[in-house]
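Secondary and tertiary structure notes
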Amino acid sequence: MDPEVLQRFRIGDESAVKAVYDRFGGPVFALSMSILGEPGLAADATQQTFIKAWRAASTYDPERSFSPWIYAIARRTAIDIYRKRARLVVSDQVDVVSMAPGLETVWEVFEVRAALDQLPDEERQVVKLSHFDGLTHGEIANQLGIPVGTVKSRSHRAHQRLLVLLRHLEEM
Amino acid sequence: MGTDDIRPQYLATGSGESPADHEQLDLIRGVLAESSTWEEPPEGVVDGLFATIAREGHAPVVETAAKRQRPPWLLAAGVVAAIALLVIGVVSVFDEPIAETVVAMTGTNLAPAAAGVASLRPTPSGWYIRLDVSGLPAAPEGTYYQGWVWNDDEGVSIGTFHLRDGDDAVVLWSGVDVAEYPAISVTLEDEGAGPEASERIMMKGRFEELSEG
């Protein structure tokens with residue numbers, strides 16, 4: 001993100017908060033959905049995440065990457081909501097809180113969604129129709145009313161771009 | 001077909017020539033196929049956010065993490081709770097049981113204030129190991145922490161981390177059976193150094209018996 005926006009975010013500037021939400025609202029919601037599985041709970045987690053981030057904005061170190069900072073808040077917020085719903089009393093003395101499902105890939109979900117949000121709309125659309133809807137290039141071409149060759153080139157560019165945007169995942 | 005073409009092709013289709021990092025690409029493909037990856041937050045989220053901001057006014061200045069050190073008694077309580085979990089053995093997620101073993105970890109003389117627990121459970125792709133640590137400072141610039149599991153002869157890396165953005169839980173993975181590598185440690189490593197573990201052991205623990213199933 002623009003360092004100037006992050007500097008303004010640190011002092012609680014509303015337009016900077018909006019810019020941060022526009023950039024990370026999707027990834028935070030995707031992460032929350034991944035952990036909680038219900039849109040209502042995920043919306044609550046997303047809203048709480050950004051309120052907490054705004055309240056704690058002065059603790060953000062602008063020399064560090066912003067993405068892991070907001071990710072940590074989002075993850076903890078979603079887990080807290082999950083725990084409140086999943087608390088199981090297994091003995092008179094011990095209140096065991098279970099582990100939320102999907103935690104193994106939650107960082108990948110957050111990062112993949114953040115990368116998708118940086119793709120041009122026409123490339124993002126092809127990726128969605130291919131992976132989520134399971135359509136072939138021919139079916140995508142029919143649905144969008146464009147030549148198959150255009151679908152292929154958009155798909156190739158999109159996946160190349162995703163690999164660049166997600167290259168840091170390989171280093172983890 | 002060159003490497004530059006193989007990877008986007010594999011990411012797009014999951015077929016054809018398999019690149020060296022195909023497992024990572026398969027993971028990304030799995031995420032791309034999930035509906036949660038594509039869903040948009042409702043409009044009400046941003047409305048509620050700005051309603052809260054308007055109600056509360058300026059963002060408060062929050063004390064830094066360094067000032068929010070957990071008192072020792074709280075950590076001790078956490079370790080006791082973790083050991084209680086070890087005794088209980090099986091933790092349930094709604095109706096789905098997950099076997100999880102919890103091991104106490106202690107700081108060495110290089111990090112005497114460090115303490116925490118390692119939670120381990122088997123998965124189809126390896127051992128999931130989560131570290132919840134307290135009192136371990138962020139790794140200095142130019143260094144990082146590395147997790148290891150050990151038997152009597154050798155150590156196997158289970159991942160690296162730095163804690164520079166807070167003390168959130170650290171998730172590591174072991175591709176070897178931890179029953180065969182029963183000691184766990186965290187070392188401090190220099191960036192650019194070789195693959196061997198340094199002698200700067202910051203934390204360590206040992207699991208004597210693993211509950212599986």
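Nothing here was measured: the structure is a model prediction, and the numbers come from that model. (Residues numbered from 1 in each chain as written. Chains lettered and ligands numbered in written order. Predicted model: local features only at pLDDT ≥ 70, side-chain atom pairs only at ≥ 80, totals over all residues.)

Side note on the overall build of chain B
This is how the line gets drawn: Labels follow the DSSP assignment, with helices taken as runs of H or I lasting at least four residues and strands as runs of E lasting at least two, numbered in each case from the N terminus. Exposed residues have 12 or fewer other C-beta atoms within 10 Å of their own C-beta, buried residues have 20 or more, and residues in between are partly exposed; the C-beta atoms are placed from the backbone. Contacts are defined on C-beta atoms placed from the backbone: any two residues whose C-beta positions lie within 7 Å are in contact.
If you tally the helices and strands in chain B, you get five helices and 10 strands. A burial count over chain B gives 24% of its 213 residues as buried. Of all intrachain contacts in chain B linking residues separated by at least 6 positions in sequence, the fraction that spans at least 24 positions is 50%.

Here we look at the overall build of chain A
A tally of helices and strands in chain A yields eight helices and two strands. Counting across all 172 residues of chain A, residues that qualify as buried make up 40%. Taking all contacts inside chain A whose residues are at least 6 apart in sequence as the whole, residues at least 24 apart take part in 61%.

Quick word on the sheet that holds strand β10 (residues 201–206) of chain B
Two pairing modes exist for strands in a sheet, parallel and antiparallel, and in both the strands are linked by backbone hydrogen bonds. Residues and elements named next belong to chain B. The cut-off we apply is this: Each pair of strands is called paired provided DSSP finds at least two bridges between the two strands. Axes here refer to lines fitted to C-alpha atoms; in helices the fit is confined to the stretch in contact. Angles between the N-to-C directions go from 0 to 180 degrees.
Pairing is antiparallel in the open sheet, where eight strands are placed in the order β7-β6-β9-β10-β3-β4-β5-β8. In the strand order of this sheet, the two ends are held by β7 (155–161) and β8 (170–174), each with one partner. The average angle at which neighbouring strand axes cross in this sheet is 25°, direction not considered.

Structural notes on the confidence of the model for chain A
Going by this rule: As a per-residue quantity, pLDDT reports the predictor's confidence and falls between 0 and 100.
Chain-level statistics for chain A give a pLDDT mean of 86 and a share of 88% at 70 or above. Element-level mean pLDDT values for chain A span from 38 in strand β1 (residues 88–89) of chain A up to 96 in helix α6 (residues 121–131) of chain A.

Observations regarding the confidence of the model for chain B
Per-residue confidence for chain B gives a mean pLDDT of 75; residues scoring 70 or more make up 74%. Throughout residues 209–213 of chain B the model reports pLDDT below 50, and contacts reaching past four residues in sequence, or to other chains, amount to nine contacts.

Re helix α4 (residues 43–56) of chain B
Since one α-helical turn is 3.6 residues long, residues separated by three or four positions face the same way. Defined as follows: To estimate the expected span of a helix, count its residues, drop one, and scale the result by 1.5 Å.
In this model α4(B) runs 21 Å from its N-terminal to its C-terminal C-alpha over 14 residues, within 8% of the 20 Å that 1.5 Å per residue would give. Two residues or fewer past α4(B), B:Gly57 is found with a positive phi of approximately 80°.

Some remarks on the environment of B:Thr108
Residue and element names in this part refer to chain B. Assignment of secondary structure puts Thr108 in the loop between β3 (101–107) and β4 (115–123). In this structure, the C-alpha to C-alpha distance between Thr108 and Ile201, residues 93 residues apart in sequence, is 6.9 Å. The residues contacting Thr108, other than those within four sequence positions of it, are Ile201, Met202, Met203 and Lys204.

Here's the deal with the packing of helix α1 (residues 3–10) of chain A against helix α2 (residues 14–36) of chain A
Residues and elements named next belong to chain A. What counts, and what does not: Each angle receives one of four descriptions, namely roughly parallel if under 35 degrees, roughly antiparallel if over 145, roughly perpendicular if within 65 to 115, and oblique otherwise. Each crossing gets its handedness from the near helix: less than a right angle anticlockwise from the far helix is left-handed, clockwise is right-handed. Following the grouping adopted for this structure description, the nonpolar residues are Ala, Val, Leu, Ile, Met, Phe, Trp, Tyr, Cys and Pro, the charged ones are Asp, Glu, Lys and Arg, and the polar ones are all others, Gly among them.
At a closest axis distance of 8 Å, the pairing of α1 and α2 adopts a crossing angle of 120°. Relative to α2, the element α1 lies oblique. In this structure, α1 crosses over α2, and the sense of that crossing is left-handed. Contacts from Val5, Arg8 and Phe9 of α1 reach α2 at Ala16, Val17, Ala19 and Val20. Here the residues of the contact of α1 with α2 sort into six nonpolar, no polar and one charged.

Topic: unusual backbone geometry
Although it is not a glycine, B:Leu163 sits at a positive phi angle of roughly 60°. When you line up the elements, B:Leu163 lands in the loop between β7 and β8.

As for the nonpolar core
Inclusion rule: Any set of buried Ala, Val, Leu, Ile, Met, Phe, Trp, Tyr and Cys residues joined through C-beta atoms within 7 Å is what this text calls a nonpolar core.
Of all hydrophobic cores here, the largest spans 57 residues; its most connected members are A:Leu31, A:Leu36, A:Ile70, A:Ala78 and A:Val112. When residues in this core are grouped by element, the largest group, 12 residues, is from α2(A). In this structure, A:Leu36 is in contact with A:Leu41, A:Ala42, A:Ala45, A:Ala78, A:Ile81 and A:Tyr82, ignoring residues within four places of it in sequence. Ranked by size, the runner-up nonpolar core spans 26 residues in total, among them B:Met105, B:Tyr145, B:Ile184 and B:Val186.

With respect to the packing of α2(A) against helix α3 (residues 39–55) of chain A
Each packed pair of helices is defined by two parameters, the angle between the axes and the distance between the axes. Residues and elements named next belong to chain A. Running from N to C, α2 and α3 cross one another at 140°; their axes reach a closest spacing of 8 Å. As judged from the angle between their axes, α2 and α3 are oblique. Where α2 crosses over α3, the two elements pack in a sense that is right-handed. Here α2 contributes Val17, Tyr21, Gly25, Val28, Phe29, Ser32, Met33 and Leu36 to the contact with α3, which in turn contributes Pro39, Leu41, Ala42, Ala45, Thr46, Thr49, Phe50 and Trp54. Its residues assigned to classes, the contact of α2 with α3 shows 12 nonpolar, four polar and no charged.

Focus on the environment of B:Tyr10
Residues and elements named next belong to chain B. Locating Tyr10 in the fold gives a position in helix α1 (residues 3–13). Residue Tyr10 is classed as buried on the basis of its C-beta count, with 21 C-beta atoms lying within 10 Å. Spatially, the C-alpha atom of Tyr10 lies 8.7 Å from that of Asp26, the residues being 16 residues apart in sequence.

Thoughts on the pairing of β7(B)
All names here are of chain B. Note that strand β6 (residues 143–150) and β7 share six bridges and pair antiparallel. Opposite Val149, over in β7, you have Val156 as the bridge partner. Hairpin remark: β6 followed by β7, antiparallel, with four residues in the connecting loop.

Regarding the pairing of β3(B)
All names here are of chain B. Of all seven residues in β3, five are buried; the element is thus mostly enclosed. Examined bridge by bridge, β3 and β4 share six bridges and lie antiparallel to one another. Each bridged residue has a counterpart across the sheet, and for Ala104 the counterpart in β4 is Val117. Here β3 runs beside β10; their pairing, made up of two bridges, is antiparallel. Within β10, the residue paired with Gly107 across the bridge is Met203.

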